Amino acid sequence: MELIPVTKTVEVAKIEEVIEYGINIIGENRVQELEKKMDVLGPGIDYHMIGHLQSNKVKYIADKVKLIHSLDRESLIKEIEKQGRKNNTVMDVLVQVNVAEEKSKHGLKTEQVVPFIEKVLSYDYINIKGLMTIAPHVDDEKYLRKIFRTMYELKEDILRRNYNGLSMDYLSMGMTNDYKIAIEEGSNMVRIGRGIFGERNY
Ligand SMILES: *Cc1c(COP(=O)(O)O)cnc(C)c1O
């Protein structure tokens, strides 16, 4: 199980406190904030880009982040490939899935994922490491379970197809409100913000 502490809006001093406790991974959802924190906190930490990523910003983070959780469209594939080629580094990514098809969220529909992955497989500088989802913000446990289970089954389905070189190591799902359910349904990477740092004041 990997825990990604989500540090968006959290000030650096507070992040340094958790780093002293041995945390060496952080997740951010905005490129600008991620860059700022990488500047101050330096190397030695694995930086995860967990939020929606604009193609024109890939160049700022491509050779610095450990994992991009939000690959969801072809224009982004092309840009990551371009930057990877330039830096000669293969970028590890997760494919973001919008299982509930919420208008407010990014990500592919469940049935789009397999053809999308098949497309990515022909690129040289992108390595798919698994799937990511942000579940709807609801209390309905049964419904959430269904969402997470759909993700798990999708991952298993992809594994059964035995694509060359595709290992699907990570299922990034579960946040402060729903991580217990997500873990029970097969998550092995949870992204926790408020549960670690307290409520955010935007
Ligand atoms: C903010 C955020 C989280 C963490 O949410 P919490 O409710 O604070 O745990 C996880 N994933 C993404 C993509 C986020 O933007």
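**A word on the side chain of Gln-96**
No. 1: You can see Gln-96 is positioned in strand S5 (residues 91–96).
No. 2: Here the side chain of Gln-96 touches His-106 through a polar contact of 3.2 Å, landing on its backbone oxygen.

**So, the pairing of S5**
No. 1: Of all six residues that make up S5, five are buried, and the element is covered over most of its length.
No. 2: In the sheet, strand S4 (residues 67–71) pairs with S5 via two bridges, with the strands oriented parallel. Paired with Ile-68 across the bridge in S5 is Val-93.
No. 3: Bridging between S5 and strand S6 (residues 126–132) involves six bridges; their strand directions are parallel. Counted as the bridge partner of Val-93 is Ile-128 from S6.
No. 4: One crossover worth recording links S5 to the parallel S6 by way of helix H5 (residues 113–120), and it is right-handed.

**Here's the deal with helix H4 (residues 74–87)**
No. 1: The end-to-end C-alpha separation of H4 is 20 Å, in line with the 20 Å expected for 14 residues at 1.5 Å each.
No. 2: Listing the buried residues of H4 in full gives Leu-76, Ile-77, Glu-79, Ile-80, Glu-81, Gln-83 and Gly-84.
No. 3: On its buried side, H4 packs onto helix H3 (58–61), S4, S5, H5 and S6.
No. 4: Backbone geometry just downstream of H4 places Asn-88 in the positive-phi region, at approximately 55°.

**Structural notes on the site of the ligand**
No. 1: In the neighbourhood of the ligand, the contacting residues comprise Val-6, Lys-8, Asn-29, Ile-50, Ile-134, Met-175, Thr-176, Arg-191, Ile-192, Gly-193, Arg-194 and Arg-200.
No. 2: A distance of 2.4 Å separates an oxygen atom of the ligand from a polar side-chain atom of Thr-176.
No. 3: The contact in question runs from an oxygen atom of the ligand to an N or O atom on the side chain of Arg-200, over 2.7 Å.
No. 4: A total of 390 Å² of accessible area belongs to the ligand in isolation, and the protein chains cover 94% of it.
No. 5: In terms of residue class, the shell around the ligand is built from five nonpolar, three polar and four charged.

Reading the values: rules and limits
Residues numbered from 1 in each chain as written. Predicted model: local features only at pLDDT ≥ 70, side-chain atom pairs only at ≥ 80, totals over all residues. Heavy atoms only, no water. Helix = DSSP H or I, 4+ residues; strand = E, 2+ residues; numbered from the N terminus. Polar contact = N/O pair within 3.5 Å; in protein donor to acceptor, adjacent residues only side chain to side chain. Buried < 20%, exposed > 50% of the residue type's maximum accessible area, 1.4 Å probe, protein only. Pairing = 2+ DSSP bridges. Right-handed = clockwise from strand over helix to strand, strands pointing away. Expected span 1.5 Å × (residues − 1). Contact = heavy atoms within 4.5 Å. Near = heavy atom within 4 Å. Areas by Shrake-Rupley, 256 points an atom, 1.4 Å probe, with all protein chains shown as cover. Nonpolar A, V, L, I, M, F, W, Y, C, P; charged D, E, K, R; others polar.

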